[in-house]
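The primary structure of each chain is shown beneath.
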Amino acid sequence: MASNYYSFHTLATLLITPLVLGTLCVIFPFFCIFRIVLFLYRLVVNENMKGKVVLITGASSGIGEELAYEYARRGSSIVIVARREEQLRKVAEKARSLGSPDVLSIRADVSNVDDCKRLVDQTVNHFGRLDHLVNNAGISSVCSINDVTDITTFTSVMDINFWGSVYPTYFAIPHLKKTRGKVFVNSSSVAILYPPSLSFYTASKAALIGFYETMRLELAPEISITIATLGFTDSEIIRGKHLKDGFLQVESELANVR
């Protein structure tokens, strides 16, 4: 009995392996061509954002702030989310001056699931729709695993960088399906480069890629997903704001560098 099972298993392996490889060789070139054509189409045909509603987390500075201004220039109504109310107020004023017809500021902590539900609900209650969700909120962490004294102090990196994108996405899905909307998630090139002393940050950004690549398949074609893996970008993180030994620190010498 055992010998028969072994023979069958060996035969199945010998037959299935080349069959799968052959199928991939046939399908993969067409898949690549399709992705290239789709990329070129999206590159040429820009979406008309006038009158659409965009929700941006981590919008008080850096990439999120600049994205808010770009959407404003294109005539979008925007919802900006962060924890710093005063900075949000300044961003909202500039976004209005750049052309946004309506800007809603929401103070919220994206690592808190209740806050994430609230910010999506407030957006839809105010505007009646949601077209784009931009998951940008994040924090860096600079620490070698050799120097960690309390591993639990680094849970906030995953809470903000990973769950801080997943929570808003979950609550936004029903509304984005109605508008055939889009989800943007800000990962990082560190997710594929693995630099030293950024292990917790790298793990959180790699988790985003794995999750949203899966969501790309599960939510298509109603919702499209864009994953950004940016490199060195001028922001508060680069200028010294990061989590070190489990505590948020700002290195003043770097903070004023522009």
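Overview of the structure. Predicted model only: the values in this text are computed from it and were never measured.

**Here's the deal with the pattern of salt bridges**
Two side chains bearing opposite charge may form a pair once their charged atoms approach each other closely.
(1) Moving on: Summed over the entire model, instances satisfying the criterion amount to 10 salt bridges.
(2) Moving on: Through salt bridges with shared partners, one network takes in Glu47, Lys52 and Lys182.

**Considering unusual backbone geometry**
(1) Moving on: That bond from Ala220 to Pro221 is cis: its omega, 0°, falls within 30 degrees of zero.
(2) Moving on: If you trace the backbone, Pro221 turns up in the loop between α7 (199-219) and β6 (224-228).
(3) Moving on: Positive phi, normally seen in glycine, also occurs at Ser197, with a value near 65°.
(4) Moving on: Topologically, Ser197 is positioned in the loop between α6 (190-193) and α7.

**Structural notes on the side chain of Lys205**
(1) Moving on: Along the polypeptide, Lys205 turns up in helix α7.
(2) Moving on: Ignoring any residue separated from it by four or fewer positions in sequence, one finds Lys205 in contact with Asn161, Asn186, Ser187, Ser188, Val190 and Ala191.

**Looking at the nonpolar core**
(1) Moving on: Core analysis: the biggest nonpolar cluster contains 34 residues, and Leu55 and Tyr212 have the highest contact counts within it.
(2) Moving on: Those elements that place two or more of their residues in this core are β1 (53-57), β2 (77-82), β3 (103-107), α4 (113-127), α5 (155-179), β5 (182-186), α7 and β6.
(3) Moving on: Broken down by element, this core gets its largest block of residues, 7 residues, from α5.
(4) Moving on: Apart from the residues lying within four places of it in its own chain, the contact partners of Tyr212 are Asn135, Ser165, Val166, Thr169, Val183, Val185, Ile225 and Ile227.
(5) Moving on: Ranked by size, the runner-up nonpolar core spans 19 residues in total, among them Ala68, Tyr69, Ala82 and Leu88.

Rules of the game
- Residues numbered from 1 in each chain as written.
- Predicted model: local features only at pLDDT ≥ 70, side-chain atom pairs only at ≥ 80, totals over all residues.
- Heavy atoms only, no water.
- Salt bridge = Lys/Arg side-chain N within 4 Å of Asp/Glu carboxyl O.
- Helix = DSSP H or I, 4+ residues; strand = E, 2+ residues; numbered from the N terminus.
- Contact = heavy atoms within 4.5 Å.
- Core = buried A, V, L, I, M, F, W, Y, C linked by side-chain atoms within 4.5 Å.
- Buried < 20%, exposed > 50% of the residue type's maximum accessible area, 1.4 Å probe, protein only.

Purely geometric numbers; function is a separate question.
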